[in-house]
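Descriptive structure summary
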Amino acid sequence: MLNSAALGFVVLLSAVEAATNERVNYDYYKYHSMPEISKWMTQIAQNHSEVVTIMDYGQTYEKRNISLLKIGLSTGERKKAIWMDCGIHAREWIAPAFCQYFVSQILQTYKTDPKMEEMMKNMDFYVTPVLNVDGYLYSWKDNNTRLWRKNRSPGPPGCKCDGTDLNRNFDANWGTVGVSSDCCSNTYCGSDRVSEPEAQAVASFVGSRKEDILCFLTIHSYSQLLLIPYGNPNFIAPNQDELMEVGLAAAEAIKAVHGKIYKVGTSPAVLYANSGSSRDWARMQGIPFAYTFELRDNGTFGFELPENQIQPTCEEAYSGALHIVNYVHDKTFKGPMDGAGATAAAALWTVLLAVGVTSASM
Amino acid sequence: MATGELNPNHYPAQRAAKAVQHYLNTLYGSPYRVIFLNRVHSGYAEDVADSGRKYKLEITVQDHISNKTEKCKAEVLFPGGEQQRPPQVQASLEELPTTDTKAEEEALFQKYKTNQGLLSEHLPDSHGHVDPDMEPFMHLGSAASSFIMLNESTENTLYNVAQVANVTQLKTENDQLKFDYYVLLHDMISQEIIHWKLLFTWSPQEGVKVLQMEKLPHSHHNETPQNNNN
């Protein structure tokens, strides 16, 4: 009798705990399968419903939903936004792990950190934990599929291979450099610009909000790099100097965490020339800040980064991403913060106030 | 092509330095020593008439196992011409090769000299894990693969080992452990995974000696690198 009562009490306690436990019980330092990630997204949206909604914004070739988490304090007004996507290349497992970590961090800190709270008020974060859902699932299938990169659409008629490199498929100098027209190649750019449903989903969602999006971050591995537009060396972004400056500062922030060096530069300078990348497309849409993050490592384990490196990789990448997000936020909402700017702002306010008083008295 | 003083962070110096890494592993790589490029400090490139392109580099390399680093001056000559030929590298290390791996190497050698027939696969596995007992064979695979990666290196490649897919130990021959390896190499520039088979021997005294290297056509359909007695 005593035992069953005690057992009943324990069960009751667990139920109460589960109901009041806001924190999702999830191991961010293990790789998660697609079903686990989808379930996690649902739980996050439920547990943080005041700031998180799930948006399905497209379908993959195999007809699976492409989903993002929209995170921000609702103001009822149109807001500026930050875009982050992970897992455009299936085998880069550390990237989706980072997106999940990023989400958990901003949800954890906005309640206690005034800066993050301010950013959540002023901006929405659109985070896609896995963009290439079909490819990611395929890379989990067995030991022979682990190193798959592309999506899973069939090749053109007569081709014996599958898949298009989604990061060569965007309408940004499409098909010009760093691509292959061989449908079996890992850099096959597709039958046409934006031929792939996954690329169309991003282009459609981001394209319809491009005036509002301040920053486009796309997360990859490996090589420890922060890449700025453009992949085609014949094109230079008008704000390249600023992109470099902010990127270098972000790399310093990364280094401060665990000592890892991330190199910063345009793709053609630091890695290789390429075209049709989502980052280049975003910049061409007018989104002023667009970066590709290439996370750990430098080739020791490559795509198969050990799980014991997930935490340090996420911590350092978060530091870098946050630096960029902070910069972009402050630039938009606080204006130039140098001495001349502050003086000019003060002078302007004086004039405006004087004018206001004059007109009010009329 | 970039000529003269090179930006050490840009790809021309980085790719040439990678070739140096592969070369150093052909000299010093073992089950307990794997050398990685850590940093490029400076680089200089020039055309060499009728020969190709020569790079002079100052780099730092690191032993993945001991974590020790060493600075190194190197020269890489990428031959010109229609057909791809291996680069010629001049480089040497003084400190890293002296890290004390002798006892471990000898113990490994003795264990597998008589206890032959080791079979292993997927080092590391999909989640980046390696059984500690199998780590030396993953490192040995990196060392042996370096012969391939060096041979295949050009100014337009950047090779790393993606995975040791299969390890098959063969009968010990001439007091050397003998292995058949199936390795997956990743070329960053093309983003391709290239399949190779390697037949080689190893002993603490002789190091890695490659007997045969064979590039396998990758059908892009599912292929299972099988253990030989499956």
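You'll find the structure just up there.
Residues numbered from 1 in each chain as written. Chains lettered and ligands numbered in written order. Predicted model: local features only at pLDDT ≥ 70, side-chain atom pairs only at ≥ 80, totals over all residues. Heavy atoms only, no water.

Attention shifts here to the nonpolar core. Within the largest apolar cluster, 66 residues are counted, with the highest numbers of intra-cluster contacts made by Trp40(A), Phe98(A), Phe125(A) and Leu217(A). The element that contributes the greatest number of residues to this core is helix α3 (residues 94-109) of chain A, accounting for 10 residues. In contact with Trp40(A), other than residues within four places in its own chain, are Val24(A), Tyr26(A), Tyr28(A), Leu69(A), Gln100(A), Val103(A) and Pro129(A). Counting 31 residues, the second-largest nonpolar core is a separate cluster that includes Leu108(B), Phe137(B), Phe179(B) and Trp202(B). (Core = buried A, V, L, I, M, F, W, Y, C linked by side-chain atoms within 4.5 Å. Buried < 20%, exposed > 50% of the residue type's maximum accessible area, 1.4 Å probe, protein only. Helix = DSSP H or I, 4+ residues; strand = E, 2+ residues; numbered from the N terminus. Contact = heavy atoms within 4.5 Å.)

Moving on, we come to the sheet that holds strand β7 (residues 263-266) of chain A. All names here are of chain A. Spatial strand order, β1-β2-β4-β3-β5-β8-β6-β7: eight strands in an open sheet with mixed pairing. Edge positions in the open sheet fall to β1 (52-59) and β7, since each of these has one partner strand only. Within this sheet the neighbouring strands show an average axis-to-axis angle of 20°, counted without direction. One ladder, built from six bridges, connects strand β3 (residues 80-86) with strand β4 (residues 123-128); its direction is parallel. (Pairing = 2+ DSSP bridges. Axes fitted to C-alpha atoms, helices over the stretch in contact; angles between N-to-C directions.)

Taken residue by residue, the interface counts 36 residues in chain A and 35 residues in chain B. Across the interface of chain A and chain B, roughly 3000 Å² is buried in total on both sides, 51% from carbon and sulfur atoms. On inspection of chain A and its partner chain B, the count reaches zero salt bridges. Our count for the contact surface shared by chain A and chain B stands at 14 residue pairs in polar contact (both at pLDDT 80 or more). It is helix α8 (residues 267-270) of chain A that contributes the most residues to the side of chain A that touches chain B, three residues altogether. Class assignment for the residues of the side of chain A that touches chain B results in 18 nonpolar, 10 polar and eight charged. (Buried area = accessible area lost by both parts, 1.4 Å probe. Salt bridge = Lys/Arg side-chain N within 4 Å of Asp/Glu carboxyl O. Polar contact = N/O pair within 3.5 Å; in protein donor to acceptor, adjacent residues only side chain to side chain. Nonpolar A, V, L, I, M, F, W, Y, C, P; charged D, E, K, R; others polar.)

All names here are of chain A. Extensive coverage of β3 is indicated by the burial of six of its seven residues. Pairing analysis gives six bridges linking β3 to strand β5 (residues 213-221), with the strands arranged parallel. Counted as the bridge partner of tryptophan 83 is phenylalanine 216 from β5.

Time to look at unusual backbone geometry. With omega at 0°, the peptide bond leading from Pro229(A) into Tyr230(A) counts as cis. As for its position among the elements, Tyr230(A) is in the loop between β6 (225-228) and α7 (240-258). With an omega of -5°, the peptide bond between Arg296(A) and Asp297(A) qualifies as cis. When you line up the elements, Asp297(A) lands in the loop between β8 (289-295) and α10 (310-333). A positive phi angle is found at Asn67(B), which is not glycine, with a value near 70°. Examined against the element boundaries, Asn67(B) turns out to sit in the loop between β3 (52-63) and β4 (69-79). One non-glycine residue, His122(B), adopts positive backbone phi at about 55°.

The next subject is the environment of Ser267(A). All names here are of chain A. Mapped onto the elements of the fold, serine 267 is located in helix α8. Exposure remark for serine 267: the relative accessible area of 2% places this residue in the buried category. Between the alpha carbons of serine 267 and glutamate 304 there is a distance of 23 Å; along the sequence they are 37 residues apart. Residues in contact with serine 267, not counting those within four places in the same chain, are Leu227, Ile228, Tyr230, Gly231, Tyr272, Ala273, Asn274 and Arg279. Within polar-contact distance, the side chain of serine 267 engages the side chain of arginine 279 at 3.3 Å.

In this section: the packing of aromatic side chains. Per the counting criterion, the structure on display carries 28 aromatic pairs over all chains. For the ring pair Tyr55(B) and Phe78(B), a centre distance of 5.6 Å and an interplane angle of 90° mean the geometry is edge-to-face. In this pair, Tyr55(B) sits in strand β3 while Phe78(B) sits in strand β4, placing the two residues 23 residues apart along the sequence. Residue class for Tyr55(B) comes out buried when judged on its relative accessible area of 2%. By relative accessible area, Phe78(B) is classed as buried at 4%. Linked through ring pairs, Tyr29(A), Phe98(A), Tyr101(A), Phe102(A), Phe125(A) and Tyr318(A) together constitute an aromatic cluster. The ring centre of Tyr138(A) lies 3.5 Å from the NZ or CZ of Arg152(A), which sits over that ring. Residue placement shows Arg152(A) over the ring face of Trp148(A); its charged tip is 4.6 Å from the ring centre. (Phe/Tyr/Trp six-rings, centres within 6.5 Å; stacked < 30°, edge-to-face > 60°. Lys NZ or Arg CZ within 6 Å of the ring centre and 35° of its normal.)

Without other data, these values stay purely geometric and don't point to any function.
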